[in-house]
Structure formats: C-alpha cells, structure tokens
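# Results of the structural survey
Each chain, written out:
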Amino acid sequence: MSEPVVVARQLTKVFASGAQEVHALRGIDLVVNGGEFLALVGPSGSGKTTLLNLIGALDAPTSGELSVLGTSLGTLSRRERAHLRLHAVGFVFQAYNLVPVLTAIENVEFVLELQGVGAERHARAVTVLDELGLGDLANRRINELSGGQQQRVAVARAVAAKPRLVLADEPTANLDGDNAEVLMHLMRDLRDRHGMTFIFSTHDARVVAHAVRVITLVDGRIANDEEKPGEAPHEIVAGRGRA
Amino acid sequence: MAWVAGRYAVRSVRRNFRRTSLSIVGIAIGCVLALFMESMNRGRDELFARAATYGGSGHLRVVPAGWRDTRESRMRLADWPRDIAAARALPGVATATPRAHADVLLAMGTHVVPVALTGVDPAIEPATNRLVRTITNGRYLRPDDTGTIVIGQAIADRLGVGPDDQVLASVVGHDGDIAGAMFVVVGIIRTGSTDLDASLAQVPLADMERFTGLRGAGELVLMLSDWRQTDAVRAALAPRLASGDDVMTWAEIFPDFKGHVAQDQATARLVSAIILLVVVLGVTSAQLASVLERRREFAVLSAIGMSGGRMVRLVLVEALALGLAGGGAGLAIGAPIVWQFARSGLDFRAYLGTDYAFAGTLMEPVLYGDFGWWIVPYIFAVAIGATVVASLYPARFAARSDPAVALRVAQ
C-alpha cells in the first residue's frame, strides 16, 4: 500500500454570501494514496472544485484537518502554500488557463523557471511536450492551438516539474469526445510512468470510466466512494490528439 | 527576473496596444514637461550666476580675513600680489583683477552724491565687469591714467557733469582725517539700470591708494572659464593664499541672490513634482486596469506556485518596459524642444523691460535653457522612476489576489 498523499478529516468549507452562509463542504473524510487515479463526480455545486482548491492549497478550510504530501495545510503561510504548489502539485484547469502571450514551450518552461531549473529547463520542456505529442507545436502561440492541444499544453505545464500530485478541475469539459479520450489516456500514461497521483473532477461519464476510484459528492458530502476492482485498459497515445 | 518571466512581462505590455500607447504618450508628455522645467532651472541658475559674476563680483572673490562678517570697505588684503599670482597659476581661472573700495562723497559745486568708489586695474577690469563696457559718453579708464574717474549716468545727472568736468571726492582717510582729491570725469557709464548707474564710480587703483592712504587691494575678483567649477577652484586656491586672506564664492557674497535662486528652483521643482504626480496617477490607473483584466491569469500563476514577491517583480518589469518606452518617446519629443530653448531662449523683455535689476545686479531679460548629455539619464530616471512608483500599488494588488476567489469569479 502506498503512502497517503491526501488525508482529510472532517473538512468543512463555508463561504459567506452577503448575510448568508454557503456550506460548500460538510465534513469530508478522505484518504488518497500515492498513484491513485481518482475522479470526483457530482452535480454542480456539490463541492468538487472547492475540495480540489483545498487540496491544492489554493484555499484554506473553515474547519477540519487537511494534510497533503505529509504537510498539514492549516498552519502554512501564503508563501509556504505557494512553495508547496510549485514543488509538489500540478494544476489543470477547465479553461486551460495558459498564458496567452507565451508560446507552448514557454508556458511549460515558466513553471520550471519558477522552480529554479537552470540550463536543462528547455530540454526538459521539450521532452514533456514530445511525451504529450506536442513537439511540433512547441513554438506556437497559445491562440494558434486548438482546444485539445491547449489542454495538452496545460497538462504538460502541470507535470513538467514532476509533481507528486496533479489536480485537474473538469479537464475535458471544453473538449470533444475524442480529445477527451486522448487526454485521459495521456494522464493515465503519465501516472503509470511517473507514479503521479491524479485527482480530477468531471461530469463526463466517459471520463469517469478511466478512473480507478470514483468519489461522488452531493451537497458537500461524500455520497459514494467506489474503487474499481480492475483498472480500465488504456494504451500509449502520445501524439494522437486531434488538432 | 528570469528569462521567460521577462518575456512574459514585455509581451504583456504590448497586449493592449491602445492603452499602452496612451500610457507611453502620458509618460512622455510628463517627462518633456519635467525636462523643460529642469532645463529652465539649470538655465536660471546659470543666468543668475552670470548676472552676479559678470556684473563685477566674479565667480570667486579673495577678501581679507574677517571681511565676510563685517563687509568693511576699508579692509585690505595681506599680500595681494602673492594671491593674484597664485590665482592666475590655477587652471580654470580666466582672469583675476585687484580692486579697492571706499565710501566717498562726490561733489560738483553745491551738488553732493555719496558713492562706493572702486579702485581698479584699468587694463583688466573690463574683462571682469561687463557693465563698464557700456560707456556711452567719453571713454573708459586707461592703464596710464592718473586722476581720472568714470561714473554712472545717474551720478553724472545728479552732479550735472559730463566728460572733462572735474569732481571733488572726499573720504575719511586712514588716519581719521578727511582727505580730498580732484578727479577728471573721462567717461559716463549707462548700464540700462538707474539703480546701477547711481552706484558706479571707478578710479585707477594707484589713485585710490594715494587718495585714501590705504595701501594695496581690498579684494581680488576672479572669473572662471566654467562657473560650475567654482567650488573646485575655491578649494584649490584657499591653501595657496597669503595667511590672513580668505576666498568666497559669488553665492556667499550674495546670499540673498543665492536664496532667490534656491527659492525659484524649489518652486520649479514643485511644479515638476505636481506634473509627475498627475502622470503617476494616470499610469497607476492604466496599470491597475491591466492587472484587473488579468486577474485570472495572475490567479493561475499563483496556482502554479508563483510567489507574491515574484508577481510584484513581474509587474515592475512591465513598468520598467513601459518606462523605457515612455522615456524614449519623451527624449525624442523633448530633446529638440529643449535644444531650441537653449538656443533661442525665452524672451521676457515684454514683461521685465531691459533694465530689470535684482539685488543690485542687472539681469538679462532672456532666459536660456540648459541642454547637454544630462537630459538622457534625467529623462529615463524620471520615466522609469514615475512608472515604477505608479506600478507599486497594482503590483501589490496582483500579489495579494486570492487565487481561489479569482479563479472562482473567472469560471
């Protein structure tokens, strides 16, 4: 059994909305082990993004305990949380959220540069883009890429620094079926090769089919936590994504 | 700032072409106005220095020790020939001339006028005192003259004398007795200023010594080839002077004059500061709009691990790029304007007339700006300084943004 990557105990998150309080998470107990490929599902407003934000140290819980990669997030300063995100957590967003004025490879290099990677930064970025089938598009500006290509660049940016944990918030929401399939295969492949832990939220049943473990959130609570007995088959698909 | 982050910052500046262009134009206009004010300031400094010095006081004046406190006209230098030789040996000293002063009464018949009579070296004096070059009637003193005098037009009018007339000069001699001497008027000076024309009266230094019974010179007046070297030449000259003699700058001799210059400069710099404040507020507004537009982008940068400090630096590099562009534009616009200002000047004759005098000194009615290599570092320092200051708040805003909130709002 791998070491736990995420441990949450009675995790709650309450947002103030004017005079009202919105309970986004209501006592989440969760353990995610290293190398898991976990899908968070549930209706809109069920707390999927909030939970990802808490695990990614983007936000702080209202109560409860949360430990990521052995570090308790409750006591971390802004700077320490930024350091944790930079060195241990990769993010993939629904809307890609790449830096539009940079090229594909510059977007990937940016993270490595922030990490302080020196001379080998460019070579490492090239390797990651090749691995995701984007070698030929490395010097293209972001607005010259299709949605599927942009999301693969986003994945490349997330995994370039070889984080132990990758969080993806509805990564296939803006992709068509084929590109969604390709992306899921790539993420599975990265997990297999590099031992990364993937947690992603989704509404897409086809995407859920790739998950090894599926947690269903309803109204801020875990309604179901299902681990599949055998992993879904997948193949190496680098470079197969449609333009 | 690292390489990719630098490229990101520079390309971000180009992202909104219209806003960036307007910001650059605003910075450039602010820089040009500040440059013009600074050029005027430096020009005014030079104008006052020139007026004060060419009016006869010199850039430096060697005086007897203690003169700076008493300003007593009867005091004489300890060893003026040694002092003048030391001064003339220094690089940067264009001319050095001796003078002696005495408070005398000039009389013609029943008319009496009190004047500060000056004994001069007629061969050198016109080189240090442009006022004595404006002889409108008769001639100036000659080196071989004896018993001659030149006087200002106002004195001549009050006494009712002209060239070849004789005037009686009376003074309290060195022994306390009243001494008198006759001088022949050889020239009338008309400076253009009635005040100055009422105070100018010069005789040869040798006549002054005989007349007052006080031997030697009361001061040495030094003109420098570059007035900006005043303090440096003073420092070099002071230890070479005879014991008991002192050296003063024109600013020390005319403290009111220097105070007026300082007041004018402070006012001009206040105006420059107000101009720059308006520019800073404009750039702050534009930079804040730019940061607000990119809230999601900054949230993403924060999510991928960029620290607040790095984000501040990123925005400041953008400001640096903006400042460089604004400074370059300001230099392109401002340099020809300031060059023309330095060449043609601003003519205040219509407002001041041609005989405007301040603190007993005739002022030129045309103010010339200063133009030189200093404008390049000046304009870039102003542009970059203003832009960086203007970007501090937007930078802090970007760094303090909550990534979770920004991403939630953006989705």
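Residue numbers run consecutively from 1 along every chain, following the written order of its sequence. Chains and ligands are labelled sequentially in the order written, the chains with letters from A and the ligands with numbers from 1. With pLDDT at 70 or above as the cut-off, local features in this predicted model cover only qualifying residues; side-chain atom pairs require 80 or more to be listed or tallied, and sums for whole chains, interfaces and linings still use all residues.

## Let's talk about the overall build of chain A
How we decide: Where helices and strands are cited, they refer to DSSP runs of H or I of at least four residues and of E of at least two residues respectively, numbered from the N terminus. Three exposure classes are used, based on other C-beta atoms lying within 10 Å of a residue's own C-beta, which is placed from the backbone: buried for 20 or more, exposed for 12 or fewer, and partly exposed in between. Two residues qualify as being in contact provided that their C-beta atoms, derived from the backbone, are within 7 Å of each other.
Counting its secondary structure elements, chain A contains seven helices and 10 strands. Among the 243 residues that make up chain A, the fraction classed as buried is 51%. For chain A, contacts bridging at least 24 residues in sequence account for 72% of all contacts bridging at least 6.

## Overview of the overall build of chain B
Each helix and strand counted, chain B has 16 helices and 14 strands in total. Within chain B, the proportion of its 411 residues that are buried is 46%. Excluding contacts between residues fewer than 6 apart, the proportion of contacts in chain B whose partners are at least 24 apart in sequence is 81%.

## Things to note about the sheet that holds strand β2 (residues 20–33) of chain A
Heads up, the rule is: By definition, two strands form a pair when at least two bridges between them are found by DSSP.
Strand order in the open sheet formed by four strands is β2-β1-β4-β5 (chain A), and the pairing between neighbours is antiparallel. Because the sheet does not close on itself, it has two edges, and the strands there are β2 and β5 (71–72) of chain A.

## Thoughts on the packing of helix α1 (residues 3–15) of chain B against helix α13 (residues 308–344) of chain B
Residues and elements named next belong to chain B. Quick note on the threshold: To obtain an axis, a line is fitted to C-alpha atoms, over the contacting stretch when the element is a helix, and the angle between two such axes runs from 0 to 180 degrees between their N-to-C directions. An angle counts as roughly parallel when it lies under 35 degrees, as roughly antiparallel when it exceeds 145, as roughly perpendicular when it falls between 65 and 115, and as oblique in every other case. Handedness of a helix crossing follows the sense of rotation of the near helix relative to the far helix, less than a right angle counterclockwise being left-handed and clockwise being right-handed.
At a minimum axis separation of 8 Å, α1 and α13 run at an interaxial angle of 55°. Considered as vectors, α1 and α13 are oriented oblique to each other. At the point where α1 passes α13, the crossing takes the right-handed sense. Taking contact as the criterion, the partners of Ala5, Gly6, Tyr8, Ala9, Val10, Ser12 and Val13 in α1 are, on α13, Leu314, Val317, Glu318, Ala321 and Leu322.

## What about the confidence of the model for chain B?
What counts, and what does not: In predicted models, pLDDT denotes the confidence assigned by the predictor to each residue on a 0 to 100 scale.
Put simply, chain B has an average pLDDT of 87, and 95% of its residues get 70 or more. Here the complex is predicted with pTM 0.70, and the ipTM for its interfaces comes to 0.83.

## Re the sheet that holds strand β3 (residues 37–41) of chain A
All names here are of chain A. Taken together, six strands build an open sheet; the order of strands is β6-β7-β8-β3-β9-β10 and the sheet is mixed. Where the open sheet ends on each side, the last strands, each with one partner, are β6 (89–92) and β10 (221–227). Each strand axis lies, on average, 15° off the axis of its neighbour in the sheet, ignoring direction. In this structure, β6 lies alongside strand β7 (residues 165–169), joined through four bridges in parallel fashion. Each residue of the ladder has a partner; that of Val89, found in β7, is Leu165. The sheet strands contacting helix α1 (residues 48–55) are β3, β7, β8 (197–201) and β9 (213–218), and the helix crosses β8 at an angle near 150°.

## Here's the deal with the nonpolar core
Inclusion rule: By convention in this section, buried Ala, Val, Leu, Ile, Met, Phe, Trp, Tyr and Cys residues joined through C-beta atoms within 7 Å make up a nonpolar core.
By size, the foremost hydrophobic cluster in this structure holds 133 residues, and its most contacted members are Leu129(A), Val155(A) and Ala156(A). Here the element with the most residues in this core is α13(B); it accounts for 13 residues. Residues within four places of Val155(A) in sequence aside, it is in contact with Val92(A), Leu132(A), Leu183(A), Leu186(A) and Met187(A). Residues Trp67(B), Leu77(B), Ala217(B) and Leu241(B) belong to the second largest nonpolar core, which totals 56 residues.

## Some points on the interface of chain A and chain B
This is how the line gets drawn: Amino acids outside the nonpolar list (Ala, Val, Leu, Ile, Met, Phe, Trp, Tyr, Cys, Pro) and the charged list (Asp, Glu, Lys, Arg) are all regarded as polar, and Gly is one of them.
Across the contact, 23 residues belong to chain A and 22 residues belong to chain B. Breaking the side of chain A that touches chain B down by element, the ones donating at least two residues are α2 (78–88) and α3 (104–115) of chain A. If one sorts the elements of the side of chain A that touches chain B by residue count, α3(A) sits on top with six residues. Across the side of chain A that touches chain B, the residue classes break down as 11 nonpolar, four polar and eight charged.

## Regarding the packing of helix α11 (residues 255–293) of chain B against helix α15 (residues 375–400) of chain B
Residue and element names in this part refer to chain B. Following both chains from N to C, one finds α11 and α15 inclined at 40°, their axes separated by 8 Å at the closest point. The angle between α11 and α15 falls in the class oblique. α15 is crossed by α11, and the crossing has right-handed handedness. Here Leu276, Val279, Val280, Val283, Thr284, Gln287, Leu288 and Val291 of α11 lie close against α15, whose contacting residues are Val382, Ala386, Thr387, Val389, Ala390, Ser391, Tyr393, Pro394, Phe397 and Ala398. Residues of the contact of α11 with α15, tallied by class, amount to 14 nonpolar, four polar and no charged.

## Topic: α3(A)
Counting buried positions along α3(A) gives 11 out of 12 residues, so the element sits mostly inside the fold. Among all positions in α3(A), only Ala104(A), Ile105(A), Glu106(A), Asn107(A), Val108(A), Glu109(A), Phe110(A), Val111(A), Leu112(A), Glu113(A) and Leu114(A) are buried. Looking at the buried residues of α3(A), the elements they touch are α2, α4 (121–131) and α5 (147–159) of chain A together with α1 of chain B. Directly after α3(A), the chain includes Gly116(A), whose backbone phi takes a positive value near 90°.

## Concerning helix α4 (residues 80–88) of chain B
Each α-helix turn comprises 3.6 residues. Residues three or four places apart therefore point the same way. Residue and element names in this part refer to chain B. Rules: To obtain the arc, one takes the directions from the helix axis to the C-beta atoms.
Looking at α4, one finds that the buried residues are Trp80, Asp83, Ile84, Ala86 and Ala87. Taken around the axis of α4, the buried residues stretch over an arc of 160°, which confines them to a single face. Turned more than 90 degrees off the buried face of α4, the exposed positions are Pro81 and Ala85. On the buried face of α4, the contacting elements are β1 (60–64), β2 (93–108), β9 (219–224), α9 (230–237) and β10 (245–249).

## Considering the pairing of strand β7 (residues 178–189) of chain B
Residues and elements named next belong to chain B. In the sheet, strand β4 (residues 135–138) pairs with β7 via three bridges, with the strands oriented antiparallel. Pairing of Asn137 across the sheet is with Ile188, part of β7. Pairing of strand β6 (residues 166–172) with β7, which is carried by seven bridges, proceeds in the antiparallel orientation. For Val171, the partnering residue across the bridge sits in β7 and is Ala179. With antiparallel pairing between neighbouring strands as the criterion, β6 and β7 make up a hairpin whose turn holds five residues, including Gly176 at a positive phi of roughly 95°.

## Some points on the pairing of strand β3 (residues 111–120) of chain B
All names here are of chain B. As paired strands, β2 and β3 are joined by 10 bridges and run antiparallel to one another. Within the sheet, the bridge partner assigned to Arg99 lies in β3 and is Val120. Hairpin connection between β2 and β3: a loop of two residues separates the two successive antiparallel strands, and Gly109 in this loop has a positive phi of roughly 65°. In this sheet, strand β8 (residues 201–204) lies alongside β3 in parallel orientation, the contact comprising three bridges. When the sheet's bridge partners are listed, Gly119 is paired in β8 with Val203.

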